[in-house]
Amino acid sequence: MKLQSKLGSEVFVLDKDEILARNRKDNSCGDERQKDVLLRGYRFSMIVAVVLLGVLCLLKEDLTYLIVINIMSLCRDMYSSIKMRRKCDIVLLIVDLLACAAFIYFHIKCGL
């Protein structure tokens, strides 16, 4: 494949194998779409886990496990908020902070 430079009259000759090797090298740690899908899957699984543990803890009247998983979710959202500075991460962080505070309050006040 011949590519001509826009800045001059140079012509670069690229081999198909060379292009594929560069692509494999660039994607050795996984491509961006794969990372995004894994991150969204992890976030969804955390939300489902918090909801299921919430129901379980309310049925058993013990909030200990729910507090632990909520703190895990809080740490993940805090890290994402600091690194990415996206609105959705900041909103999830605020929701996790409020939920964690409520769970700890009910655990201490009501003895759940």
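Predicted model, so just to flag it, every value in this text is computed and none were measured.

(A) How the structure looks around the overall build of the protein. When helices and strands are counted, the protein shows four helices and two strands. Counted from the first residue to the last, the protein has its helices and strands arranged as β-β-α-α-α-α. The buried share of the protein, reckoned over its 112 residues, is 21%. Looking at the protein alone, contacts between residues at least 24 apart form 40% of all its contacts between residues at least 6 apart. Accessible surface for the protein amounts to roughly 9,000 Å². Of this, 66% is attributable to carbon and sulfur atoms.

(B) Highlighting the packing of aromatic side chains. This structure, assessed with the given rule, holds one aromatic pair. Measuring from ring centre to ring centre gives 5.6 Å for Tyr105 and Phe106, while their planes differ by 70 degrees; the resulting arrangement is edge-to-face. On the accessibility criterion, Phe106 (41% relative accessible area) is partly exposed.

(C) How the structure looks around a nonpolar patch on the surface. Judged by side-chain polarity, Ile47, Val51, Val55 and Leu59 come together as a nonpolar surface patch covering roughly 390 Å² of accessible area. Tracing the backbone through its elements, the reader meets Ile47 in helix H2 (residues 32–60).

(D) Representation of the layout of surface pockets in the model. Looking at the largest pocket, its volume works out to about 200 Å³. Lining the largest pocket we find Glu32, Lys35, Asp36, Leu39, Tyr79, Ser80, Lys83, Met84 and Arg86. Within the residue set of the lining of the largest pocket, elements represented by two or more residues are H2 and helix H3 (64–84). Of the residues assigned to the lining of the largest pocket, the class counts are three nonpolar, one polar and five charged.

(E) Examining the nonpolar core more closely. Grouped together as the largest cluster of nonpolar side chains are eight residues: Met46, Val50, Cys57, Leu63, Leu66, Ile67, Ile69 and Phe103. For this core, the secondary-structure elements that each account for two or more residues are H2 and H3. Not counting residues within four places of it along the chain, the set of residues in contact with Ile69 comprises Met46, Ala49, Val50 and Leu53.

(F) Examining the environment of Leu92 more closely. Along the chain, Leu92 turns up in helix H4 (residues 87–109). What Leu92 contacts, discounting residues up to four positions off in sequence, is Arg43 and Asp77.

(G) Quick peek at the packing of H3 against H4. Packing of H3 against H4 brings their axes to within 8 Å, and their N-to-C directions diverge by 155 degrees. On the basis of their axis angle, the class for H3 and H4 is roughly antiparallel. When you trace H3 past H4, the crossing you get is left-handed. Mapping the contact onto sequence places Thr64, Leu66, Ile67, Asn70, Ile71, Ser73, Leu74, Asp77, Met78, Ser80, Ser81 and Met84 in H3 and Asp89, Ile90, Leu92, Leu93, Asp96, Leu97, Ala99, Cys100, Phe103, Ile104 and His107 in H4. The class makeup of the residues in the contact of H3 with H4 is 14 nonpolar, six polar and three charged.

Quick notes on the rules
Residues numbered from 1 in each chain as written. Predicted model: local features only at pLDDT ≥ 70, side-chain atom pairs only at ≥ 80, totals over all residues. Heavy atoms only, no water. Helix = DSSP H or I, 4+ residues; strand = E, 2+ residues; numbered from the N terminus. Buried < 20%, exposed > 50% of the residue type's maximum accessible area, 1.4 Å probe, protein only. Contact = heavy atoms within 4.5 Å. Areas by Shrake-Rupley, 256 points an atom, 1.4 Å probe, with all protein chains shown as cover. Phe/Tyr/Trp six-rings, centres within 6.5 Å; stacked < 30°, edge-to-face > 60°. Patch = residues over 30% accessible without salt bridge, like charges linked within 9 Å, V, L, I, M, F, W, Y side chains within 5 Å. Salt bridge = Lys/Arg side-chain N within 4 Å of Asp/Glu carboxyl O. 1 Å grid on protein atoms, 1.4 Å probe; cavity = no way out; pocket = protein on both sides within 12 Å on 5 of 7 lines; lining within 4 Å. Points joined across faces, edges and corners; volume = space filled by probe spheres on them. Nonpolar A, V, L, I, M, F, W, Y, C, P; charged D, E, K, R; others polar. Core = buried A, V, L, I, M, F, W, Y, C linked by side-chain atoms within 4.5 Å. Axes fitted to C-alpha atoms, helices over the stretch in contact; angles between N-to-C directions. Parallel < 35°, antiparallel > 145°, perpendicular 65-115°, else oblique. Left-handed = near helix turned anticlockwise from the far one by under 90°.

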